[in-house]
Amino acid sequence: MKIQEKGKTPFLLIIFFLFLLLVGINAGEVSTVLETATRICLSCIGIG
Amino acid sequence: MLRRWIQVIATFLSNSYLLFPFTGNIYQGTLKSFCTPGLNCYSCPAATGACPIGALQNFMATLRPGLQAGYQHFGLYVIGTLGLLGSLAGRMPCGWLCPFGFLQELIYKIPSRKFAIPRVLSYVKYLVLVLFVFLLPFFITDEYGYGITWFCKFICPAGTLEAGIPMLLLKPELQSLIGILFYNKLFIMGFFLVWMVLSSRPFCRTACPLGAIYSLFNKHSVFRMTHDPGKCAHCKTCHQNCPMGVKFYESHNDTDCIRCLKCMNESCKFGAISYQIAGSKESSDQGFKGKAVARGQ
Ligand code: SF4
Ligand code: SF4
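Keep in mind that this is a model prediction, so the values were computed, not measured. Residue numbering note: each chain is counted from 1, following its sequence as written. Note on labels: chains are lettered from A, ligands numbered from 1, in written order. Local features are withheld for residues below a pLDDT of 70 in this predicted model, meaning they are given only at 70 or higher, and side-chain atom pairs are given and counted only at 80 or more; totals for whole chains, interfaces and linings count all residues. Excluding hydrogens and water, the side-chain values take into account all heavy atoms of the structure.

**Observations regarding the environment of B:Cys152**
Stated precisely, the cut-off is as follows: For helices the rule is a DSSP run of H or I covering at least 4 residues; for strands it is a run of E covering at least 2, with both sets numbered from the N terminus onward. In what follows, residue pairs with any heavy atoms lying within 4.5 Å of each other are defined as contacts.
Here B:Cys152 lies in helix α9 (residues 150-154). In the structure, B:Cys152 is positioned 111 residues away from B:Cys41 in sequence and 9.0 Å away in space, judged by C-alpha atoms. Setting aside its immediate chain neighbours within four residues, B:Cys152 contacts A:Ser43, A:Cys44, B:Gly54, B:Gln57 and B:Lys185.

**Let's talk about helix α10 (residues 157-170) of chain B**
Quick reminder of the rule: Multiplying 1.5 Å by the helix residue count minus one yields the expected span of that helix. Remark: exposure states derive from per-residue accessible area (1.4 Å probe, protein chains only) relative to the maximum for the residue type, with buried under 20%, exposed over 50%, and partly exposed in between.
For α10(B), built from 14 residues, the straight-helix expectation of 20 Å at 1.5 Å per residue is met to within 8% by its first-to-last C-alpha distance of 19 Å. Residues of α10(B) that are buried include every one of B:Pro157, B:Ala158, B:Gly159, B:Thr160, B:Glu162, B:Ala163, B:Gly164, B:Met167 and B:Leu168, and no others.

**What about the domain arrangement of chain B?**
Residues and elements named next belong to chain B. Rules: Delimitation of the domains relies on an automatic or database domain assignment. By convention, the term buried area covers the 1.4 Å-probe accessible surface removed from two parts as they join, with the contributions of both added. One side-chain nitrogen of Lys or Arg within 4 Å of one carboxyl oxygen of Asp or Glu is enough to make a salt bridge. Definition of a polar contact: a pair of N or O atoms within 3.5 Å, with one able to donate and the other able to accept a hydrogen when the atoms are protein atoms, and with sequence-neighbouring residues admitted only if both atoms are side-chain atoms. When residues are grouped by polarity, Ala, Val, Leu, Ile, Met, Phe, Trp, Tyr, Cys and Pro land in nonpolar, Asp, Glu, Lys and Arg in charged, and all others, Gly among them, in polar.
On domain assignment, one finds that chain B holds domain 1 (2-214) and domain 2 (222-294). A C-alpha centroid distance of 29 Å is found between domain 1 and domain 2. Between domain 1 and domain 2, the residue contacts involve 19 residues of the former and 13 residues of the latter. Three residues stand out in domain 1 for area buried against domain 2, namely Arg91, Arg119 and Arg205, and they jointly supply 36% of the buried area on that side. A salt bridge links Asp254 to Arg119; its shortest N-O distance comes to 3.1 Å. The tally of links between domain 1 and domain 2 comes to 12 residue pairs in polar contact (both at pLDDT 80 or more). Elements with a minimum of two residues in the side of domain 1 that touches domain 2: α5 (76-89), α6 (92-96), α8 (124-139) and α12 (202-206). Broken down by element, the side of domain 1 that touches domain 2 gets its largest block of residues, 4 residues, from α6. Broken down by class, the residue content of the side of domain 1 that touches domain 2 amounts to 7 nonpolar, 5 polar and 7 charged.

Dropping the structure here:
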């Protein structure tokens, strides 16, 4: 049995965060993440 | 059972760089441009993705000098990724995809006396998120405007366990740098490891900033839990079996619910618990016992 219920909020949220994601990609943040994640993080290890 | 398999696969996919003993280094390929859905340290020698919390702190810590240099990197790529996941499934990645959540479930299986976690402690994770991930990295800076990754540096037990200890073994030359910082992190890790034996998912419930972010979406995500008060007998079995201590009959999209579906599949005998996807409700007319009988088990 399927019951249809209203609820636009999740879709508005999806559109909003998709927009942020695309703005971030456009600003070149992907390469910043790559750079951060490929360096050994001394803070994570607990020595820096 | 399906969830267990997905947890195993997700843990493996997040940590599938098995060449590290030969290269003596962490994975440095392009997959690290993507954020993992769970908390998984990117300095773990086997990690294949970027920890979103580490990446976020880094954006905050470098925001000021970045702006001065003309870069507008606010971390929207990471916020967008997490917001998208949260809008779709709320805290479901915690229950199904996070390696550190999975580890806690395994450790909790160690036989011992078990203790509940006071509800008030579940608010601490929001403090950790706001202070250690956003405010401190942004506001406390050196003379050049650079902040530090406070959560990674002073708290994260996943980092100590997945990156700290393995990297110190993999690169013995780093051992000379061990100091008070490392012992502090070692203590925090030990504290949580012991607590994981005594209580269910203590880190997720009290301290994880990633869980805190996803939790904000639980009430508004495409995937949501539903409760039928007409069928509920208030037997509280769902609460007793819930790994997050949620009182489902009081708050069925509670911020702590990780959508593991244990209450629906293994606890409620009355069919009062179900879920809906995009508003179309999956009806469960019978409890899990009824379903088992119907399947001939
Ligand atoms: S709360 Fe944090 S550690 Fe726990 S499952 Fe979620 S992301 Fe992983
Ligand atoms: S309320 Fe149910 S689905 Fe949510 S965490 Fe508890 S057992 Fe899992």
